[in-house]
Amino acid sequence: MPIVPRWVLFSSGCAPVLLIAGWLIAASLEGAGYDPVSQTISVLAAYGAAGFWVMTGAFFALGVCHLLTAWGLRAAAVAGRVALAGGGVASVVVALVPAPSSGGSLRHGSVVLVGFVLLAVWPVLAADGGGGAPWALRPAPAFVATAVMVAGAVWFLIELQGRGAAGVAERVVTAFQSVWPFVAVASCLRHCRGGGGVPG
């Protein structure tokens, strides 16, 4: 029985592409009034933003990709799959509860925080301590991935509080969070080709 079906490579690979394309297109629609260095991605999905529907659609699609990937990533521990799916749900909710056009929002901020946490801890929760696990699902790489995501989230919070390069920090950490599921799936498929099973 395959540990990961091939279609999961598509769902996990689409996640970073859709997210990054979303913020690039939405920022271009917003024009010179938007500063990607200091302003967050959520600003692009705020009510009244020129790229509102683009960024909202990207958040929604990202969430669906994470949900599909969590469903198909059978080689990962159940707790990690649940956390990844929870991150996907949080992304969908972010699309449904956008930031206001000005000022902050406790609801939006809370959902973003939950999503950050779930997507940061899922690699460690998905890890398999057995020696025959695919590379990305082994404890050491999973711990490093989680540590990088947590460090990125802390960097983002520091920049946000100091009104610095919050946009850059957020893009770095969210891009990494969206890429890691693809890395995990690719490592599972490579593991299959190396003798761990034949993917479907």
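Structure report, in brief. Small disclaimer: the values here were computed from a predicted structure and weren't measured. (Residues numbered from 1 in each chain as written. Predicted model: local features only at pLDDT ≥ 70, side-chain atom pairs only at ≥ 80, totals over all residues. Heavy atoms only, no water.)

With that settled, the discussion passes to the packing of helix H2 (residues 52-72) against helix H3 (residues 78-96). When two helices pack together, their arrangement is captured by the angle between the axes and the distance separating the axes. Two numbers describe how H2 lies on H3: the axes approach to 7 Å, and their chain directions differ by 165 degrees. Judged by the angle between their axes, H2 and H3 are roughly antiparallel. Judged by the sense of rotation from one axis to the other, the crossing of H2 with H3 is left-handed. Residues Thr-56, Phe-59, Phe-60, Leu-62, Gly-63, Val-64, His-66, Leu-67, Thr-69, Ala-70, Trp-71 and Gly-72 of H2 touch H3, and the partners they reach there are Arg-81, Leu-84, Ala-85, Gly-88, Val-89, Ser-91, Val-92, Val-94 and Ala-95. Class assignment of the residues belonging to the contact of H2 with H3 gives a composition of 13 nonpolar, seven polar and one charged. (Axes fitted to C-alpha atoms, helices over the stretch in contact; angles between N-to-C directions. Helix = DSSP H or I, 4+ residues; strand = E, 2+ residues; numbered from the N terminus. Parallel < 35°, antiparallel > 145°, perpendicular 65-115°, else oblique. Left-handed = near helix turned anticlockwise from the far one by under 90°. Contact = heavy atoms within 4.5 Å. Nonpolar A, V, L, I, M, F, W, Y, C, P; charged D, E, K, R; others polar.)

Our next topic: the packing of aromatic side chains. The geometry of an aromatic ring pair comes down to the distance between the two centres and the angle between the two planes. Enumeration over the complete set of coordinates arrives at six aromatic pairs. Through pairs of rings, three or more aromatic residues link up here, namely Tyr-47, Phe-52 and Trp-53. Here Arg-171 stacks its cationic end above the ring of Trp-23, 5.4 Å away from the centre of that ring. (Phe/Tyr/Trp six-rings, centres within 6.5 Å; stacked < 30°, edge-to-face > 60°. Lys NZ or Arg CZ within 6 Å of the ring centre and 35° of its normal.)

Helix H4 (residues 106-126) packs onto H3 with a crossing angle of 155 degrees between their chain directions and a minimal axis gap of 8 Å. Regarding the angle of H3 to H4, the classification is roughly antiparallel. Where H3 crosses over H4, the handedness of that crossing is left-handed. For the pair H3 and H4, the contacting residues are Ala-79, Gly-80, Ala-83, Leu-84, Gly-86, Gly-87, Ala-90, Val-93 and Val-94 in the first and His-108, Val-111, Val-112, Gly-115, Leu-118, Leu-119, Trp-122, Leu-125 and Ala-126 in the second.

Taken together, the side chains of Trp-7, Phe-60, Val-64, Leu-68 and Trp-71 present a nonpolar region at the surface, about 510 Å² in accessible area. Broken down by element, the nonpolar patch gets its largest block of residues, four residues, from H2. (Patch = residues over 30% accessible without salt bridge, like charges linked within 9 Å, V, L, I, M, F, W, Y side chains within 5 Å. Areas by Shrake-Rupley, 256 points an atom, 1.4 Å probe, with all protein chains shown as cover. Salt bridge = Lys/Arg side-chain N within 4 Å of Asp/Glu carboxyl O.)

A word on unusual backbone geometry. At Arg-163, a residue that is not glycine, the phi angle is positive and equals roughly 55 degrees. Note on placement: Arg-163 falls in the loop between helix H5 (139-161) and helix H6 (166-196). A relative accessible area of 77% places Arg-163 in the exposed class. (Buried < 20%, exposed > 50% of the residue type's maximum accessible area, 1.4 Å probe, protein only.)

Within the fold, Arg-171 resides in helix H6. There is no salt bridge for the buried Arg-171, and the closest opposite charge comes from Glu-170, which lies 4.7 Å off by N-O distance. One polar contact links Arg-171 to Tyr-34, side chain to side chain, over a distance of 2.7 Å. Among all residues touching Arg-171, those that are not within four sequence positions of it are Trp-23, Tyr-34, Pro-36, Gln-39, Thr-40, Ile-41 and Leu-44. (Lys, Arg positive; Asp, Glu negative; His and termini not counted. Polar contact = N/O pair within 3.5 Å; in protein donor to acceptor, adjacent residues only side chain to side chain.)

One pass over the full model with this rule turns up one cavity of 30 Å³ or more. By volume, the largest cavity is sized at about 250 Å³. Lining the largest cavity are 19 residues, and of these Phe-59, Leu-62, Ser-91, Leu-119 and Thr-174 lie nearest its centre. Going through the elements one at a time, H2, H3, H4 and H6 are the ones with two or more residues in the lining of the largest cavity. Top element by residues in the lining of the largest cavity is H4. It accounts for five residues. Class assignment of the residues belonging to the lining of the largest cavity gives a composition of ten nonpolar, eight polar and one charged. (1 Å grid on protein atoms, 1.4 Å probe; cavity = no way out; pocket = protein on both sides within 12 Å on 5 of 7 lines; lining within 4 Å. Points joined across faces, edges and corners; volume = space filled by probe spheres on them.)

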